[in-house]
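If you want the building blocks of each chain, they are given just below.
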Amino acid sequence: MFERVALIGIGLIGSSISHATRRKGLAKEIVGSARTKSTLDTALKLGLIGKGYASAAEAVQGADLVILSVPVGACGPLAAEIAPHLKAGAILTDVGSVKAAVVRDMAPHVPKGVHFVPGHPIAGTEQSGPEAGFAELFDGRWTILTPEPQTDAAAVEKLKDYWTALGSKVEIMSPQHHDMVLGITSHLPHLIAFNIVNTAEHLERVTDKEVIKFSAGGFRDFTRIAASDPTMWRDVFLNNKEAVMEMLRRFSDDLAELKRAIEADDGDTLFRRFADARAIRRGIIAAGQDTPAPDFGRAHGASPGPTDEESGKSK
Ligand SMILES: NC(=O)c1ccc[n+]([C@@H]2O[C@H](COP(=O)([O-])OP(=O)(O)OC[C@H]3O[C@@H](n4cnc5c(N)ncnc54)[C@H](O)[C@@H]3O)[C@@H](O)[C@H]2O)c1
Ligand SMILES: O=C(O)C(=O)C[C@]1(C(=O)O)C=C[C@@H](O)C=C1
């Protein structure tokens, strides 16, 4: 499908794209760049890229597909850096979890003749780094593309075909709609997980370690989500502020209703709200949308990559 694919950023998503691209033979050559030499060395050692470059500007030269797989906040500065080096006719895309801010930050740098088609695979795990990726990550999952209406239709179609070949189902929507939907289905759940794990940790000091010792399935599921990369999620919340604030307002209203029901011994309201939620979960399962992607990652022996803080990277 492509002569030369350039991966800028080779963490969980970049490395999974490489695995899935090679699984289907979708590119003659995959090259890449990473921010640190150790990531680049690992990517070369694992065969994720055939050639590694010290800078993104060098990596994109001659590529007919360029994919930014970096934290959302890094997309704008990287677009500015690579813009003069992009090949005419190339497709430029990203995989960021937020779309309106990425379009705002990247689009002004994209040269005429380069087709910018923003994207977001709704598939991931709590792991990060080049060793965390696996070829099946996108199988049966959605990828959302958010091109401007005036974007070259053939370029959009080609990227759609590529994500389909990587295993995804593809849908096209506006960046703003994407950010509202993901605000409630992905961003708010992560905020709640980060918060509940921290609250429990603070409580642990009071209850002398019992919170962790006796933690059951419910809390453990939250700790998996809360193990996600802090840099990635900081950038998500800084860049999808409006939608997340709106969803938080709605969430707080619903939580206040539950709180009032508990205070008032109102069992009917509690039962109704819990039954509604249970029906939604059962509907998701019936629709076959509860796919076990995170377990694939664990089965492949993935381990959490170092956080930027742990590896001493600054932002
Ligand atoms: N993890 C998920 O579940 C998931 C799912 C879908 C989309 N995404 C999105 O994909 C993107 C990448 O996430 P990931 O999970 O692969 O993260 P990751 O931490 O595994 O990899 C990120 C890569 O970007 C590089 N990087 C970080 N800061 C950079 C900078 N300033 N300039 C250049 N390179 C930089 C890192 O060195 C690393 O190679 C993010 O935008 C994220 O929102 C993540
Ligand atoms: O399964 C997980 O670990 C994820 O959090 C994946 C998840 C999600 O919320 O569904 C996280 C962020 C992405 O942008 C897309 C997918």
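The chain appears in an unreviewed UniProt entry as prephenate dehydrogenase from Hyphomicrobium album. Looking at the Pathway (unreviewed entry) heading of the UniProt record, one finds this comment for the chain: "Amino-acid biosynthesis; L-tyrosine biosynthesis; (4-hydroxyphenyl)pyruvate from prephenate (NAD(+) route): step 1/1." In its Catalytic activity (unreviewed entry) section, UniProt records this for the chain: "prephenate + NAD(+) = 3-(4-hydroxyphenyl)pyruvate + CO2 + NADH".

Asker: What should I look at first to understand the sheet that holds strand S3 (residues 51–53) in this one?
Answerer: Within a sheet, adjacent strands bond to each other through the backbone by hydrogen bonds, running parallel or antiparallel. One open sheet accounts for six strands, arranged S3-S2-S1-S4-S5-S6; its pairing is parallel. Taken across any chain shown, the strands that pair with only one partner, and hence form the sheet edges, are S3 and strand S6 (115–116). Direction of pairing for strand S1 (residues 2–8) relative to strand S4 (residues 65–68): parallel, over a ladder of four bridges. Each bridged residue has a counterpart across the sheet, and for Leu7 the counterpart in S4 is Ile67. Set on the sheet, helix H1 (residues 12–24) makes contact with S1, strand S2 (27–33) and S4; between it and S1 the angle comes to about 160°.

Asker: What is the right way to read the site of ligand 2 from this model?
Answerer: Near ligand 2 lie nine residues; those nearest to it are Ser97, Gly124, Thr125, Glu126 and Ser186. When the residues that make up the shell around ligand 2 are grouped by side-chain class, the tally is four nonpolar, four polar and one charged.

Asker: I keep staring at the site of ligand 1 and nothing clicks. Help me out?
Answerer: Around ligand 1 sit 29 residues, and of these Gly9, Gly11, Ser97, Gly124 and Ser128 come closest. Looking at the shell around ligand 1 element by element, the count peaks at three residues for H1. In terms of residue class, the shell around ligand 1 is made up of 13 nonpolar, 14 polar and two charged.

Asker: Got a minute to help me understand the domain arrangement of the chain in this structure?
Answerer: By a widespread convention, an interface's size corresponds to the accessible area lost as its parts come together. Each domain of the chain was delimited in the assignment, giving domain 1 (2–174) and domain 2 (177–292). Of note, the centres of domain 1 and domain 2, computed from C-alpha atoms alone, are 30 Å apart. Taken together, the contact between domain 1 and domain 2 spans 17 residues of the former and 18 residues of the latter.

Asker: Please explain the nonpolar core as it appears in this structure.
Answerer: Note that soluble globular proteins tend to have their nonpolar side chains buried in a common cluster. Of all hydrophobic cores here, the largest spans 62 residues; its most connected members are Ala6, Leu7, Ile8, Val66, Ile67, Cys75 and Leu78. Ranked by residue count, the leading element in this core is helix H5 (residues 100–106), at five residues. Two domains each put at least three residues into this core: domain 1 (2–174) and domain 2 (177–292). The residues contacting Leu7, other than those within four sequence positions of it, are Gly14, Ile17, Ser18, Ile30, Gly32, Ile49, Ile67 and Ser69.

Asker: Which parts of the structure should I look at to understand the environment of Thr36?
Answerer: Inspection of the secondary structure assignment puts Thr36 in the loop between S2 and helix H2 (37–45). By the C-beta count within 10 Å, which is 11 here, Thr36 ends up exposed. Residues Thr36 and Gly9, spaced 27 residues apart in sequence, show a C-alpha to C-alpha distance of 9.6 Å.

Conventions adopted
Here the residue numbers are simple positions, counted from 1 along each chain's written sequence. All chains are assigned letters beginning at A, and all ligands numbers beginning at 1, according to the order in which they are written. Reporting of local features is limited, given that this is a predicted model, to residues whose pLDDT is at least 70; pairs of side-chain atoms are given and counted only at 80 or more, and all residues count toward the totals for whole chains, interfaces and linings. UniProt positions are given in the numbering used here, feature names are shortened, and annotations may be inferred rather than shown by experiment. The rule for pairing is simple: two strands pair if DSSP sees at least two bridges between them. A run of DSSP states H or I qualifies as a helix once it reaches four residues; a run of E qualifies as a strand once it reaches two. Both are numbered from the N-terminal end. Each residue gets a C-beta atom placed from its backbone, and two residues are in contact if those atoms lie within 7 Å. With axes taken as lines fitted to C-alpha atoms, and helix axes fitted only over the stretch in contact, angles between N-to-C directions fall between 0 and 180 degrees. Proximity of a residue to a molecule or strand is defined by its backbone-placed C-beta atom lying within 6 Å of that partner. Side-chain classes follow a simple rule in which Ala, Val, Leu, Ile, Met, Phe, Trp, Tyr, Cys and Pro form the nonpolar group, Asp, Glu, Lys and Arg form the charged group, and the remainder, Gly included, forms the polar group. All the domain ranges listed were derived from an automatic or database domain assignment. By definition, a nonpolar core groups buried Ala, Val, Leu, Ile, Met, Phe, Trp, Tyr and Cys residues that are joined through C-beta atoms within 7 Å. Burial is judged by counting the other C-beta atoms within 10 Å of a residue's own C-beta: 20 or more makes it buried, 12 or fewer makes it exposed, and any count in between marks it as partly exposed, with every C-beta position built from the backbone.

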